[in-house]
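Structure assessment
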Amino acid sequence: MKKIWIAFIGVVLLSFAALIWVGTEIYQTQPPLPKQVIISENLEVVYEITDIQNGQNVWESIGGMEIGSIWGHGSYVAPDWTAHWIHREAVFLLDYWALNQYGASYESLDIEQKGGLDARLVKEIRTNTYDPESGVITISSDRHKALQSNIAFYSNIFVNGHEEYAIPKGALTNPTKLEQLNAFLFWTSWAASTNRPNQNYSYTSNWPYEPLIENTITPDAQIWSGFSIILLLLFIGILVYYYLRNHEKGDAIEHPSTDPLTGMVFTRSQKAILKYFLVISLLIGLQVILGIITVHYTVEGQAFFGFELANYLPYSITRTWHTQLAIFWIAATWLSTGLFLAPMISGKEMKYQVFGINFLFIALLIIVLGSTFGEWLGVHQFFDLTTNFFFGHQGYEYMDLGRFWQLFLAVGLLLWMVLVGRHVLYGIRQNDKRKHLLIILLVSVIAIGLFFFSGLMYGENSTLPVINYWRWWLVHLWVEGFFEVFATVIIAFLFLRMKILSAKTAGKASIASATIFLAGGIIGTLHHLYFSGTPVQAIALGATFSALEVVPLTLMGFEIRENWNLLKANEWIKKYKWPIFFFMAVAFWNMLGAGVFGFLINPPIALYYTQGLNTTAVHAHTALFGVYGLLGMGFILMTLRFYSDRSWNSAVLKRAFWFLNIGLIAMVVLSLLPIGIIQTHTAITKGYSYAREADLLYSPTIQTLKWMRIVGDVIFSIGIVYFCWFTIKETIYCLRLRRQ
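Just so we're clear, the structure is a prediction, and the values are computed from it rather than from any experiment. (Residues numbered from 1 in each chain as written. Predicted model: local features only at pLDDT ≥ 70, side-chain atom pairs only at ≥ 80, totals over all residues. Heavy atoms only, no water.)

A short note on the overall build of the protein chain
As a reminder, the rule being used: The secondary structure listing takes helices from DSSP runs of H or I that are at least 4 residues long and strands from runs of E that are at least 2 residues long, numbered from the N terminus. Restricting the calculation to C-alpha atoms gives the radius of gyration, and the globule rule supplies 2.2 Å times the number of residues raised to the power 0.38. Burial status follows relative accessibility: with a 1.4 Å probe on protein chains alone, a residue under 20% of its type maximum counts as buried, one over 50% as exposed, and anything between as partly exposed. Any two residues whose heavy atoms approach within 4.5 Å are treated as being in contact.
A tally of helices and strands in the protein chain yields 25 helices and six strands. Relative to a compact globule of 740 residues, whose C-alpha radius of gyration would be 27 Å, the protein chain shows 27 Å and is just as compact. Dimensions of the protein chain, computed from the C-alpha atoms along their principal axes, are close to 90 × 55 × 45 Å. For the protein chain, the residues scored as buried account for 62% of the 740 residues in total. When contacts within the protein chain are restricted to residue pairs at least 6 apart in sequence, those whose partners lie at least 24 apart make up 78%.

Concerning the pairing of strand S6 (residues 136-139)
Rules: The criterion for strand pairing is that DSSP finds at least two bridges linking the strands in question.
Relative to S6, strand S1 (residues 36-39) runs parallel, the two sharing four bridges. When the bridges of S6 are listed, Ile-38 appears paired with Thr-138. In terms of strand pairing, strand S5 (residues 130-131) meets S6 through two bridges, oriented antiparallel. Paired with Asp-131 across the two strands is Val-136, which belongs to S6. From the end of S5 to the start of S6, which pair antiparallel, there are four residues, and Gly-135 there has a positive phi angle of about 70 degrees.

Details of the nonpolar core
The condition is simple: Throughout this description, the term nonpolar core refers to a set of buried Ala, Val, Leu, Ile, Met, Phe, Trp, Tyr and Cys residues connected via side-chain atoms within 4.5 Å.
Among the nonpolar cores identified, the biggest contains 217 residues, and Trp-81, Phe-158, Tyr-276, Trp-416, Met-633 and Phe-642 are the most heavily contacted of them. No other element matches the 25 residues that helix H15 (residues 464-497) contributes to this core. Discounting residues that sit within four places of it in the chain, Trp-81 has contacts with Trp-59, Ile-67, Gly-68, Ser-69, Ile-70, Tyr-154, Phe-158, Tyr-165, Ile-167 and Leu-185.

Remarks on the environment of Leu-274
Residue placement: Leu-274 occurs in helix H9 (residues 274-296). Looking at Leu-274, the relative accessible area reads 0%, which means it is buried. Considered as a pair, Leu-274 and Asp-118 are 156 residues apart in the sequence and their alpha carbons are 66 Å apart. For Leu-274, the contacting residues outside a window of four places in its chain are Leu-640, Tyr-643, Thr-731, Cys-734 and Leu-735.

A closer look at the sheet that holds strand S2 (residues 45-48)
For clarity, the threshold we go by: Here an axis means a line fitted to C-alpha atoms, over the contact stretch when the element is a helix, while the angle between two N-to-C directions is reported on a 0 to 180 degree scale.
Here four strands make up an open sheet; going across it, the order is S2-S1-S6-S5 and the pairing mixed. Every interior strand has two partners, whereas the edge strands, S2 and S5, have only one. Note: S1 against S2, three bridges, orientation antiparallel. Bridge pairing links Val-37 to Tyr-47 in S2. Across the sheet, helix H6 (residues 175-193) touches S1, S2, S5 and S6, and the angle it forms with S2 is around 90 degrees.

Re the packing of aromatic side chains
For the record, the criterion: Each aromatic pair joins two rings of Phe, Tyr and Trp (for Trp, the six-membered one) with centres within 6.5 Å, and gets the label stacked for planes under 30 degrees apart, edge-to-face for over 60, and tilted for any other angle.
In the structure shown here, the tally under the stated rule is 63 aromatic pairs. With 5.1 Å between their ring centres and 85 degrees between their planes, Phe-153 and Tyr-154 make a pair best called edge-to-face. A relative accessible area of 26% places Phe-153 in the partly exposed class. The buried category is assigned to Tyr-154, whose relative accessible area is 1%. Members of the aromatic cluster, each reached through a chain of ring pairs, are Tyr-47, Trp-81, Trp-85, Phe-153, Tyr-154, Phe-158, Tyr-165 and Phe-186.

Quick notes on a negative patch on the surface
The test is simple: Only residues above 30% relative accessible area that lack a salt bridge enter a patch, with like-charged residues linked at up to 9 Å and the nonpolar side chains Val, Leu, Ile, Met, Phe, Trp and Tyr linked at up to 5 Å. Each accessible area is a Shrake-Rupley result for a 1.4 Å probe, and residues are judged covered by the shown protein chains and nothing else. In the sections that follow, a salt bridge refers to a side-chain nitrogen of Lys or Arg positioned within 4 Å of a carboxyl oxygen of Asp or Glu. Neither His nor the chain termini are counted; the positive set is Lys and Arg, and the negative set is Asp and Glu. Each charge is placed at NZ for Lys, CZ for Arg, CG for Asp and CD for Glu.
A grouping of Glu-163, Glu-164, Glu-308 and Asp-695 is seen on the molecular surface, where their side chains present a negatively charged patch. As for its placement among the helices and strands, Asp-695 is situated in helix H24 (residues 694-697). For Asp-695, a relative accessible area of 69% gives the class exposed.

Structural notes on unusual backbone geometry
Here the bond from Trp-207 into Pro-208 is cis, since omega is 5 degrees, no more than 30 degrees from zero. Here Pro-208 shows up in the loop between H6 and helix H7 (219-246). The backbone of Leu-43 shows a phi angle near 60 degrees, a positive value even though the residue is not glycine. Relative to the helices and strands, Leu-43 is located in the loop between S1 and S2.

So, in structure tokens, the structure goes:
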């Protein structure tokens with residue numbers, strides 16, 4: 001065990017050292033915020049630094065990443081504002097110059113005439129005119145005319161609405177805020193199209209692909225993509241060899257003939273957990289309803305089957321709530337499972353445990369209701385910009401809730417860490433065979449409690465590269481990293497208590513799994529930041545180590561087989577059939593959703609063209625729900641199975657299980673994936689902005705594919721109804737059982 005612990009500690013320390021080093025590089029080499037933007041011919045000031053900073057806050061307040069995207073990060077209905085701005089600016093300049101020089105439109109010119117203007121455009125846009133000493137960006141009067149044209153265009157969208165972008169009329173009407181919003185959009189496009197000092201690529205490594213200004217994929221992105229694929233194949237081979245050689249070497253145990261957990265006495269705190277499942281079921285149902293509304297906005301941008309719903313719940317709000325509620329209910333499920341298992345770990349009830357659980361339950365309700373209402377007020381411009389930052393809509397996907405609600409949630413997580421951690425620590429002090437398993441569990445519990453604070457490391461006026469860096473610490477490391485380690489250890493502990501796994505094997509396997517996963521997962525955080533105003537180191541390390549994240553997922557087929565064999569080992573294990581079935585589904589979606597669909601967009605050469613397209617949505621749905629959602633559901637069922645003393649209606653759970661999985665497959669195969677493939681083809685052949693434009697997304701083929709999603713959505717929703725119905729019914733039964 002000593003060698004495994006040394007490997008684990010070494011991996012974690014070295015990985016965080018690399019991640020933090022890249023973070024320092026991001027701070028030092030990020031696109032500069034100019035003190036002023038001026039016109040070179042007459043020195044007229046176009047923008048001050050406060051215009052850009054306030055413009056970013058305005059963008060956040062109207063929904064931010066939930067209303068289009070910036071640098072590829074965000075939602076899929078409205079354009080990527082950076083790519084859209086660059087393309088419109090380029091087209092304007094080419095037409096303007098063609099008219100002045102030749103008296104004709106650009107498209108009517110011959111090849112030689114176009115070639116001259118093309119070269120002029122590349123020089124105009126890509127030349128870095130930022131002066132580090134004065135902090136000033138200079139633009140030509142011609143570019144200022146293009147800027148004014150874009151300002152008029154985008155201001156009109158937010159004032160008068162745009163149905164195909166799902167932006168309602170009056171989304172933003174304040175002239176000052178409109179001016180500031182356009183200043184921010186200009187800055188993001190300038191950073192994405194202007195060469196870094198002494199380099200031939202932009203601050204975003206030439207993202208987005210825009211052939212008009214020679215924004216094309218860099219050699220670094222291509223080289224590191226190839227290297228990541230080679231590493232992937234190499235380490236898959238090594239891991240499979242290691243697995244086949246060692247997976248049968250665990251301690252042999254004699255499987256009990258009866259359920260070891262029969263007659264287990266429950267504590268008051270365990271019984272207090274049950275009410276969480278009622279709220280979680282309601283959150284699941286509400287999240288699905290909001291998802292239905294959100295996806296319908298992609299075909300009828302302002303209405304829901306004719307009803308003008310956008311006047312009350314615009315797309316930016318429904319999508320915000322849809323993604324945020326997913327995080328809330330999944331996290332609540334995992335955290336409540338930890339609280340339920342805590343007394344099983346220590347063997348005792350600890351002081352104030354029930355009070356802490358009830359306090360967290362009330363806090364959960366307040367945070368869910370308060371943050372969602374605050375986001376609605378923020379998007380509808382009831383708050384000033386600073387108030388919006390603290391109580392409204394922060395504008396960043398998966399962490400949209402205001403800073404006050406983030407702080408409230410952080411305090412709750414610290415309390416959860418104490419409530420669970422003290423039980424685990426007590427178990428460790430017993431110094432029995434479970435010690436190593438409990439130590440890695442304690443590490444994950446502490447990490448969950450503390451790493452949420454990474455989402456608090458930026459301020460109201462922090463720059464976009466800095467915010468994205470810390471945002472992915474939270475989304476990737478907190479959710480996809482340490483929560484996954486926590487889940488692995490929890491499942492190992494459950495199997496240990498059921499005496500179908502030895503303590504030594506459970507501990508060794510959990511530490512080894514955590515080591516392998518975090519070896520790629522920590523530095524792999526950078527694969528989200530390839531083109532986010534970050535240096536080339538993000539591409540090199542992100543591509544290399546994110547490929548390693550996929551490696552352990554290749555063994556999920558073995559895990560499915562072993563769980564299936566487990567069900568056949570003894571008759572009493574069939575009592576836990578459906579929780580184990582959900583764990584098997586998690587293994588399947590981990591392989592397909594996180595592994596195959598994740599690596600589909602992971603290499604820089606792929607993400608360069610696919611970032612922010614429906615290929616991302618494929619990965620998001622199959623990984624977030626397929627892995628984390630189904631795992632949370634499995635935890636609920638396992639907890640209820642422990643507590644309930646009656647036989648279950650297998651037919652209801654069978655329908656829930658198969659409808660959920662078949663519905664998710666249909667959703668992807670019939671709609672999301674083919675749309676993403678068409679968008680990718682368009683991005684590669686024409687340019688990224690075309691792949692996000694309404695002309696493509698509202699074409700007959702794409703519209704048909706969008707409507708095809710109804711098949712998967714209906715099947716999936718039926719599965720949700722069955723699951724929630726069963727959970728609520730069984731939870732109410734258990735609550736009544738408690739009173740008896």
